[in-house]
Amino acid sequence: MLRRKGRSSPYSFFVRDRLPELQRRGLPVTRVADAIPYCSQEWASLTEEEKLAYTEKARRQKEKKRLQKTVEETCNLAHPVPAPPTTKMGSVTSLLDASAVSWENDEAVIGEVFYFLNIYSHGKMPSHCEQRFLPCEIGCVKYSLQDGIMADFHHFIDPEVPPLGFRYHCQIASDATHKIPISGFHLSCTCYAVVLQELLQFVQPAGGARPRLYCRSNDRFRINWCLNRMAGVAGIESDLELLAVEDLVIELYKKKYQKEPARSWMCRQLDVFLWDFSSNTRCKWHEENEILCCALASCKKIAYCISKSLANVYGVSLTAAHLPQDSDYGESINTKMVILHDGRFQKMKVADSGCDRHLASLSQDQEFVSSNCGSPCGVKTSLSGTSIMLGRGITRLMKSASELSRSSSN
């Protein structure tokens, strides 16, 4: 029988490729170690030319690990082991505010490059634990209103060992969200040093300016903690600025309309689940396993929401880089949208006759929306060609308007 080999051996890469097929055949395999006994005969039947491809993969993997070890040893010699990041990290409220961002004109807004970042963890430990999070996945996208999503960055991170007594807690939290295993993950994971170095290379502008990264405000503490933790363990100094994307959206609207939209309206735009199952949104592993929670997908959906809400406001035509491939970006979309709720229109009932007159008056009444409606103040909207994200009752009314009209005329 063929002996078990290391993770970086050619045979292990062959087993990793065969794992999905073995799972489809119903064999009890969940990781590479379980699949090793089932692949020995197939491996022995391969020709030398076929084995050469896996040998090359193993060589590159060993070379990558050797470089990682060299980087870590160099960093440890140049920098002593830092104190736990919880003693250094400032509070979230001390982080920068996106309201400090300003642009000279609309062209500067359209050409500005934004980076949206998210880091997933194996749960959250209590405040008395030194290790509050276990970073396991990172996603980042490079975006502008003019070009849409220009590039993306994604890695599964090699997590640290969970604190004593919290392994079950971490596994339950992972199973409820991103479902990334705490250990035995068959996909290759990257250490802190390599993740940070590649992230800094990804977000560093050509001019050498200080990069700004945006994330959801409720994720800000976790992402900032994870960045500090990885930088402290790897011995890498990082000057990344972490800002709230909600403040960015508000500033983009204020730039165009000189009025601040309601924060609740803006948060609803970012909370939509319209693109959860869209193609080319999640990473390959989450897509194949039909798992919604993906760090890369959360960043892309922020870009999609901004494109949907603001591209036409600034006169930018939507393309495949702004929205998923299966979206209706080719159609004319009025993105100066209004959030409609069932309760606002309960007094408006569709009578058996005069349906067309009722719909016409409804369109005229909504030509201008008051500031307490939750949409940007002074935004001129109409029912024709408007993309409505919420308000199921009025949406059904609009969709069935033509049918009601035909039935009443008959």
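Residues numbered from 1 in each chain as written. Predicted model: local features only at pLDDT ≥ 70, side-chain atom pairs only at ≥ 80, totals over all residues. Heavy atoms only, no water.

Asks: How would you explain the overall build of the protein chain if you had to name every residue and give the values?
Replies: Within the protein chain, the regular secondary structure consists of 14 helices and five strands. Within the protein chain, the proportion of its 410 residues that are buried is 46%. Sequence separation of at least 24 residues holds for 70% of the intrachain contacts in the protein chain that already meet a minimum separation of 6. Total accessible area on the protein chain is roughly 21600 Å²; 50% of this is exposed by carbon and sulfur atoms. (Helix = DSSP H or I, 4+ residues; strand = E, 2+ residues; numbered from the N terminus. Buried < 20%, exposed > 50% of the residue type's maximum accessible area, 1.4 Å probe, protein only. Contact = heavy atoms within 4.5 Å. Areas by Shrake-Rupley, 256 points an atom, 1.4 Å probe, with all protein chains shown as cover.)

Asks: Give a description of the pairing of strand β1 (residues 114-124) that names residues and reports values.
Replies: Taking burial as the measure, the 11 residues of β1 include 10 buried ones, the bulk of the element. The pairing of β1 with strand β2 (residues 133-144) spans nine bridges and is antiparallel. By the bridge assignment, Asn-118 is partnered in β2 with Gly-139. Note: β1 against strand β4 (residues 212-215), two bridges, orientation parallel. Residue Phe-116 lies in a different strand from β4, and its bridge partner there is Tyr-214. (Pairing = 2+ DSSP bridges.)

Asks: Give me the sheet that holds β1: which residues, what numbers.
Replies: As summarised here, the arrangement of the five strands in space is β3-β2-β1-β4-β5, forming an open sheet in which the pairing is mixed. The strands lining the two open edges of the sheet, one partner per strand, are β3 (148-156) and β5 (241-244). On average, adjacent strands in this sheet sit at an angle of 30° to one another, irrespective of strand direction. (Axes fitted to C-alpha atoms, helices over the stretch in contact; angles between N-to-C directions.)

Asks: Any details on the pattern of salt bridges? Residues and values, ideally.
Replies: Tallied over the full model, the rule gives 15 salt bridges. Of the charged contacts, one joins Arg-31 and Asp-34 as a salt bridge, the two residues approaching to 3.7 Å between their closest N and O atoms. A salt bridge links Glu-251 to Lys-254; the nearest nitrogen and oxygen atoms lie 3.7 Å apart. In this pair, Glu-251 and Lys-254 are both assigned in helix α8 (residues 245-257), three residues apart and thus about one turn of the helix distant. A relative accessible area of 13% places Glu-251 in the buried class. What emerges from the salt-bridge pattern is a single network uniting Glu-130, Glu-160 and Arg-229. (Salt bridge = Lys/Arg side-chain N within 4 Å of Asp/Glu carboxyl O.)

Asks: How would you summarise the packing of α8 against helix α11 (residues 295-310) if you had to cite specific residues and measurements?
Replies: In the contact formed by α8 and α11, the axes pass within 12 Å of each other and the chain directions differ by 15°. On the basis of the axis angle, α8 is roughly parallel to α11. In this structure, the crossing between α8 and α11 has a hand that is right-handed. Here α8 contributes Val-245, Val-249, Leu-252 and Tyr-253 to the contact with α11, which in turn contributes Ile-302, Ile-306, Ser-309 and Leu-310. (Parallel < 35°, antiparallel > 145°, perpendicular 65-115°, else oblique. Left-handed = near helix turned anticlockwise from the far one by under 90°.)

Asks: Outline α11, supporting the account with residue identities and numerical values.
Replies: Its 16 residues place the ends of α11 23 Å apart at the C-alpha level, agreeing with the 22 Å of an ideal helix rising 1.5 Å per residue. Across the 16 residues of α11, 16 count as buried, placing the element largely inside the fold. (Expected span 1.5 Å × (residues − 1).)

Geometric descriptors of this kind do not, in isolation, establish any biological role.
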